[in-house]
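Take a look at the letters that make up each chain.
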Amino acid sequence: MTYEINSLRSARVYVEPAGSYAVDNSATTGDFIDVPITEGFSMPGPAREMLDPMLAQVRIDGRAERVAGKRSAAMQLAMLLASHGVDMVGNETQPAATTWALRRLLTATLGGVSLTGTEAAATTVQAGTTSTVVNVTTGHGDRWTGGSVIVCQVGSTLEAREVLSVSSDAVSVKQAFSATPTSSSNVRGGVTFYPAEDPDTSLQFLLQGRETADHFLARGMQGGFQIECKPGQLAKVTFDLKGAACTKLLDHSGINVPSHANWSPVAVVASELTVPTVGSTTRNRVLASDFSLQLAVAYEPVTGYTLDGETIVRMRRQRPRDGVLVRGTFTVPYEDATWITARDDREDRAIFMQVGASAGAGWLIAIPTVQITEVARAASASGISGQTVTFESRLDSSAAASTTERSYAALRLHAW
């Protein structure tokens, strides 16, 4: 027995396929990959119900021995909202779920993931490109579809936009670039995560501390997450997970030393918030001093008889309260009645937050249709007279006729 520092821990993750909820896979350690957890991660407790048989007693202080009941598990995983580190110009080796832990977590909790396609050569900007339509290398237009992300060089900066539609090799964007993309420059794609109606996988974690006995397995984990993007800070994501069980494994022979692939942290420095009108390509940059999101991804157990799941057959995603997947706010200087009018006229707006401006180290948080629900007076940065605007998500109204989950999604997260 040794006394070890509590913060020295490691976590590895495996995706439980559909139909294998909470099935112990700890013997196949090669199926697990390291999770870049933030220091201070707290190991979940091996919780278990102890049931009282209520056996009648004949002595006043007597009581029956409790019976071991079902196990449960709960854990929070905080980490950086790091991108994948791959320059997705079209002829790259794409960031895979076998190496990118955050991809495993986001795909399991949201349910949907897609990648822009690849070609034999890098994609470049071709003649005839405008600020709203990018003409790409002949034959490369099929890399993109509506609801994916396209990233172009504009001057000395990379700008990310959601794709509205594709016609042959002409890619139309929902919101104009700040200027026409640079001729002959590379055009990047990305990885898009989006909510599915019924995600059917779950997560399993191998958890270790420096003490050899500190070795646990968390099975059947599922839940939601929150994103934080504060100016000048590193972008963060925190997962709140619950599951079937956290059980003690045999002592390990030495703590796993993590190796993190596809981990490219993103500072909220070269970043931009835009809130355009849906249906208009006019770029609408918002000089916000603060931006916050509250995501309502939540799961509840489907209970029943099962040998592995501690009475849980699987986890089922639940409908958010009032059907609102994303609520959020941004605070801006008070200059005019734009946001009051947007609320009163029930305008369809979109929220696009670009975080980072380096290839392989950027995100585009897209809430493609929102309704402004409240405008409150509040000080902006440095005590400037301001207002805090509250918004709620709706399904993507620019894809109202679509039947694909990615196209009508109320939230899309693009790593590029």
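Above this text you will find the structure in question.
Here the structure is a predicted model, which means the values were calculated and not measured.

(A) Main features of empty space enclosed by the protein. Taken as a whole and assessed by the stated rule, the structure comprises two cavities of 30 Å³ or more. Its boundaries defined by the atoms lining it, the largest cavity holds a volume of some 70 Å³. The wall of the largest cavity is formed by 13 residues, among which Pro36, Trp100, Leu102, Asn262 and Trp263 lie closest to the centre. Only strand E5 (73–80) and helix H1 (101–110) provide two or more residues apiece to the lining of the largest cavity. Class assignment for the residues of the lining of the largest cavity results in nine nonpolar, three polar and one charged. Computed from the structure, the second largest cavity encloses a volume of approximately 50 Å³. What lines the second largest cavity is Ala160, Arg161, Gln175, Glu272, Thr274, Phe352, Gln354 and Leu364. Of all elements in the fold, only strand E9 (157–167), strand E17 (271–274) and strand E22 (348–358) reach the threshold of two or more residues within the lining of the second largest cavity. Classifying every residue of the lining of the second largest cavity gives three nonpolar, three polar and two charged.

(B) Molecular detail of the nonpolar core. In terms of nonpolar packing, the biggest core is built from 74 residues, with Leu77, Phe205, Phe239, Phe330, Trp339, Trp363 and Leu413 touching the most fellow members. Take this core: its biggest share by element is seven residues, from strand E23 (residues 361–377). Sequence-distant contacts of Phe239, that is, excluding residues within four places in its chain, are made with Met75, Gln76, Leu77, Met79, Leu102, Leu105, Leu106, Thr109, Gly224 and Phe225. Membership of the second largest hydrophobic core comes to twelve residues, among which are Val125, Val134, Val163 and Phe177.

Conventions and cut-offs
Per chain, the residues get numbers from 1 upward, laid out in the order the sequence is written. Restriction of local features to residues with pLDDT of at least 70 applies here, the model being predicted, together with a cutoff of 80 or more for giving and counting side-chain atom pairs; totals for whole chains, interfaces and linings are based on all residues. Only hydrogens and water are removed before side-chain values are computed, so all heavy atoms of the structure are retained for them. Whether a set of points on the 1 Å grid over the protein atoms alone is a cavity depends on a 1.4 Å probe fitting there but being unable to get out, while an open set qualifies as a pocket with protein on both sides within 12 Å along at least five of seven lines; lining residues are those with an atom within 4 Å of a point. Grid points are joined across faces, edges and corners, and a volume is the space filled by probe spheres set on the points. Numbering goes from the N terminus for both helices and strands, where a helix is a DSSP run of H or I of at least four residues and a strand is a run of E of at least two. Side-chain classes follow a simple rule in which Ala, Val, Leu, Ile, Met, Phe, Trp, Tyr, Cys and Pro form the nonpolar group, Asp, Glu, Lys and Arg form the charged group, and the remainder, Gly included, forms the polar group. Only buried Ala, Val, Leu, Ile, Met, Phe, Trp, Tyr and Cys residues count toward a nonpolar core, and they belong to the same one when joined by side-chain atoms within 4.5 Å. Throughout this description, buried means an accessible area under 20% of the type-specific maximum (1.4 Å probe, protein chains only), exposed means over 50%, and partly exposed covers the range between. The contact rule is simple, with two residues in contact once any of their heavy atoms fall within 4.5 Å.

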